[in-house]
Amino acid sequence: MALPDMDSGVGHSFGLEFDGIQIKSITEISGLKMEQDVIELKENGADGKYVIKKLPGRWKAPEITLTRGLSSDTSFDKWIKDSQFGKMGAVRKGGAIIVFDYEGAPLKRYKLTNAWPKSLEIGTMKAGDTSVMTEKLVVTCERLEVE
């Protein structure tokens, strides 16, 4: 369902999908960035004036950080372990980050191509602290595009 004019998506309603499996316990996603290099072509124009033209270059591969509360789910652990042992055929996955509207219908999908884990960080452990422990998975991919 399309949003009415002048409305926008709400950032707290999103999901992560890899190989057809939805991971719903993600609390934060950052690093969704589509960027490409800029090539500068410097030349003299027909009238002899110095001209700089900017041309699109290669796409840059993003790094996306996924944060979730620490749980007994070992999917992140297994994924990064397979990566460390070089099982890249099984590690590279296609997936998407899905933003939902206020009724729960998909509003936008960001497709990840050949994503694999770069690092896994466990949140700070502090005696007496009552905050939720988290784990942050940094995923790199070959391409990020809007579906």
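Residues numbered from 1 in each chain as written. Predicted model: local features only at pLDDT ≥ 70, side-chain atom pairs only at ≥ 80, totals over all residues. Heavy atoms only, no water.

- The name recorded for the protein chain in an unreviewed UniProt entry is Phage tail protein, from Kribbella qitaiheensis.

## With respect to the side chain of E17
Part 1 of the reasoning: Its place among the elements puts E17 in strand 1 (residues 14–18).
Part 2 of the reasoning: Looking at E17, its side chain comes within polar contact range of the side chain of R109, at 3.2 Å.
Part 3 of the reasoning: If we ignore the near neighbours within four places in the chain, the residues touching E17 are Q22, G94, G95, A96, I98 and R109. (Helix = DSSP H or I, 4+ residues; strand = E, 2+ residues; numbered from the N terminus. Polar contact = N/O pair within 3.5 Å; in protein donor to acceptor, adjacent residues only side chain to side chain. Contact = heavy atoms within 4.5 Å.)

## Considerations on the side chain of E135
Part 1 of the reasoning: Mapped onto the secondary structure, E135 falls in strand 9 (residues 134–140).
Part 2 of the reasoning: In terms of polar contacts, E135 uses its side chain to reach the side chain of R68, at 2.8 Å.
Part 3 of the reasoning: Look past the residues within four positions of E135 in its chain and what remains in contact with it is L66, T67, R68, L70, D73, F76, D77, L120, E121 and I122.

## Thoughts on the pattern of salt bridges
Part 1 of the reasoning: Evaluated as defined, the whole model comprises 14 salt bridges.
Part 2 of the reasoning: Between K118 and E63 there is a salt bridge; the shortest N-O distance is 3.1 Å. Pair noted here: K118 is in strand 8 (residues 106–122) and E63 is in strand 6 (residues 63–69), with a separation of 55 residues, a long-range link.
Part 3 of the reasoning: Notably, a salt bridge pairs R68 with E135, separated by 2.8 Å at the nearest N-O pair. Remark: E135 occurs in strand 9 and R68 occurs in strand 6; sequence separation between them is 67 residues. Both residues of the pair, R68 and E135, belong to the buried class.
Part 4 of the reasoning: Where salt bridges share partners, they join K33, E35, D37 and K60 into one cluster. (Salt bridge = Lys/Arg side-chain N within 4 Å of Asp/Glu carboxyl O. Buried < 20%, exposed > 50% of the residue type's maximum accessible area, 1.4 Å probe, protein only.)

## Structural notes on the environment of I23
Part 1 of the reasoning: If you trace the backbone, I23 turns up in strand 2 (residues 21–23).
Part 2 of the reasoning: Overall, the relative accessible area of 18% leaves I23 in the buried class.
Part 3 of the reasoning: For the pair I23 and G94, spaced 71 residues apart in the sequence, the C-alpha separation amounts to 14 Å.

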